[in-house]
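Here is how the chains run, residue by residue.
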Amino acid sequence: MFDLILKNGTVVTPGGITETDIAVMNGRIAGLGDFSSAKKTIDCKNLHILPGAIDTHVHFREPGLTHKEDFTTGTLSAIAGGVTTIFDMPNTDPLTITAKTLQDKLQMAKGRAWCDYAFFIGGSADNTNNLNVLEKMPGCCGVKIYMGSSTGSLLTAEDDIILSILKKCVRRIAIHAEDEERLKSRRHIAEASHDVKDHPNWRDAETALMASKRAVGLAREAGQPIHLLHITSADEMAFLSDHKDIATVEVTPHHLTLSAPECYKNIGILAQINPPIRDKHHQEALWKAIRNGLVDTIGSDHAPHTLDEKDKIYPDSPSGMPGVQTTLPIMLNHVNKGRLSLERMVDLLAHRPQCLYQITGKGRIAVGYDADFAIIDLRKSNTITNKWIKSKCGWTPYNGITVTGWVQGTILRGSLVMWEDEILESPEGRKVILGD
Ligand code: DOR
Ligand code: ZN
């Protein structure tokens with residue numbers, strides 16, 4: 001007798017979309033086929049079953065900034081949106097740059113996380129010599145480098161330091177690519193206008209392209225692959241199409257969905273994020289890169305700030321917006337609009353992240369893999385509201401937007417943790433295991 005059977009669902013497997021039952025035993029997928037005997041059965045007729053989404057880019061703010069978010073609220077927000085694994089960024093307070101700060105984070109997450117997790121270590125001049133050890137610690141998914149300053153004090157702008165980090169590590173390094181010198185030399189644009197619509201003028205496409213080019217050059221010199229986060233411009237996509245052998249590419253749902261100048265008119269400072277939301281010309285290039293395969297992963301860059309903080313006068317207002325809970329509804333809506341296929345969406349949110357970061361037993365609906373699922377009603381229309389958001393910040397840039405495609409349920413290693421927007425069970429999240 002199985003622990004759980006998902007009956008009559010339409011299942012997105014690595015081999016394609018197929019109608020099959022899924023049997024679950026001891027938290028793992030035990031079989032795909034026709035099954036009838038289990039302790040619990042969930043009827044998934046008219047529903048799609050996808051691998052639980054893997055969001056390899058969130059900022060859950062613990063420790064130090066827990067008035068914005070903490071492990072409990074961040075991971076609740078994740079499972080409410082069908083995300084079953086998250087990778088958390090190191091720009092916390094203190095920064096996650098030592099073995100001790102990483103271990104502290106693992107300790108803090110224990111028993112409080114609703115989904116599975118791993119943590120990035122920040123790469124800086126201070127810890128370069130130790131990064132080969134740190135990147136391999138249990139619970140560490142790799143090294144993150146900020147080439148341009150953003151929220152927090154983590155900044156590694158100099159080529160020689162970036163190069164020595166790249167040479168030191170074996171894991172693929174995640175990079176925020178904005179050129180710090182150009183950012184500094186253009187900040188006067190934002191300070192002169194105090195208008196958030198100038199955010200993409202200050203942090204312009206050239207700022208992003210310059211840093212992405214430098215990062216690729218340094219990766220080549222070191223012979224070390226990189227993952228370029230939140231790519232925003234047509235220019236970068238054109239450049240990166242010649243460098244797939246060394247650089248993989250992330251885009252975000254907000255850069256695919258919101259565009260300038262409308263977003264700054266409609267939601268003002270709530271649209272302020274780094275790198276910025278740009279105009280339609282750039283957004284079209286991101287969609288083209290989704291369709292032609294250039295993009296590898298979608299990460300939410302979930303970066304919550306309180307509304308009070310966001311209320312400061314630009315550019316003193318903090319950059320970032322929440323997103324872990326809205327990734328699937330927003331992307332499913334794009335699927336319904338015909339902008340990408342359901343299979344490609346699953347590729348970007350589960351198959352590629354699993355492969356790229358070598359996450360053991362995750363991201364595929366296949367026998368032996370963890371029973372992590374997002375159960376989807378592709379036809380359900382629903383309105384995204386601030387009230388629905390579980391993140392401590394309590395808001396979303398999509399407040400009031402109606403989407404078609406909704407997450408009906410979330411299953412983490414065989415436990416139904418969310419059904420029809422209700423949270424069930426208890427926080428059973430644990431650290432994921434990563435290969436080399
Ligand atoms: O807008 C951003 N916010 N970009 C980042 O790189 C960091 C993030 C945050 O942590 O707030
Ligand atoms: Zn980020």
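Residues numbered from 1 in each chain as written. Chains lettered and ligands numbered in written order. Predicted model: local features only at pLDDT ≥ 70, side-chain atom pairs only at ≥ 80, totals over all residues. Heavy atoms only, no water.

## A short note on the packing of aromatic side chains
This is how it is decided: The rule is short: rings of Phe, Tyr and Trp, with Trp giving its six-membered ring, pair when the centres are within 6.5 Å, and they are stacked under 30 degrees, edge-to-face over 60, tilted in between. Runs of H or I in DSSP of at least four residues are treated as helices and runs of E of at least two as strands, each being numbered from the N terminus. When accessible area is computed with a 1.4 Å probe and restricted to protein chains, residues below 20% of their type maximum are described as buried, those above 50% as exposed, and intermediate ones as partly exposed.
Enumeration over the complete set of coordinates arrives at 7 aromatic pairs. Centroid distance phenylalanine 87 to phenylalanine 120: 6.0 Å. Interplanar angle 80°. Geometry classified as edge-to-face. Note that phenylalanine 87 is positioned in strand S7 (residues 83-88) and phenylalanine 120 in strand S8 (residues 116-122), a separation of 33 residues in sequence. Residue classification places phenylalanine 87 among the buried positions, given a relative accessible area of 0%.

## Side note on the coordination of the zinc ion (ligand 2)
Our working rule: We call an atom a donor if it is N, O or S and sits within 2.8 Å of the metal, or 3.2 Å for Na, K and Ca. Water is not counted, so some sites may look partial.
His57 (NE2), His59 (NE2) and Asp301 (OD) make up the full set of protein donors to the zinc ion (ligand 2), lying at 2.0 to 2.1 Å. Judged by relative accessible area, which is 0%, histidine 57 ranks as buried.

## Quick look at the site of ligand 1
Let me state the cut-off plainly: Throughout, near means a residue has at least one heavy atom within 4 Å of the molecule or strand. Polar contacts, as used here, are pairs of N or O atoms within 3.5 Å; protein pairs need one atom able to donate a hydrogen and one able to accept it. Residues neighboring in sequence count only if both atoms are side-chain atoms. Note that Gly is not counted as nonpolar here; it falls among the polar residues with everything else outside the nonpolar set of Ala, Val, Leu, Ile, Met, Phe, Trp, Tyr, Cys and Pro and the charged set of Asp, Glu, Lys and Arg.
Neighbouring ligand 1 are 13 residues, the closest being Arg61, Asn91, Ser150, Thr151 and Asn274. With respect to ligand 1, the side chain of histidine 59 contributes an N or O atom lying 3.2 Å from an oxygen atom. A distance of 3.4 Å separates an oxygen atom of ligand 1 from a polar backbone atom of glycine 320. Partitioned by chemical class, the residues of the shell around ligand 1 number 3 nonpolar, 9 polar and 1 charged.

## Concerning helix H11 (residues 280-291)
For the record, the criterion: The span one expects for a helix is its residue count, reduced by one, times 1.5 Å.
Its 12 residues place the ends of H11 16 Å apart at the C-alpha level, agreeing with the 16 Å of an ideal helix rising 1.5 Å per residue. Among all positions in H11, only His282, Gln283, Ala285, Leu286, Trp287, Ala289 and Ile290 are buried. Positive phi shows up at glycine 293, right after H11, with a value of about 95°.

## Some words on the packing of helix H5 (residues 180-193) against helix H7 (residues 205-222)
For clarity, the threshold we go by: Angular values range over 0 to 180 degrees, each being the angle between N-to-C directions of two axes fitted as lines to C-alpha atoms, with helices fitted over their stretch in contact. Should an angle fall under 35 degrees it is taken as roughly parallel, and over 145 as roughly antiparallel, whereas 65 to 115 is taken as roughly perpendicular and any remaining angle as oblique. Each crossing gets its handedness from the near helix: less than a right angle anticlockwise from the far helix is left-handed, clockwise is right-handed. Contacts are residue-level and defined by heavy atoms, with any inter-residue pair within 4.5 Å sufficient.
Between H5 and H7, the shortest axis-to-axis distance is 9 Å and the interhelical angle comes to 165°. Viewed along their axes, H5 and H7 adopt a mutual orientation that is roughly antiparallel. For H5 against H7, the interelement crossing comes out right-handed. For the pair formed by H5 and H7, the contact residues are Arg182, Leu183 and Arg186 on the first element and Glu206, Thr207 and Met210 on the second. Residues belonging to the contact of H5 with H7 are distributed by class as follows: 2 nonpolar, 1 polar and 3 charged.

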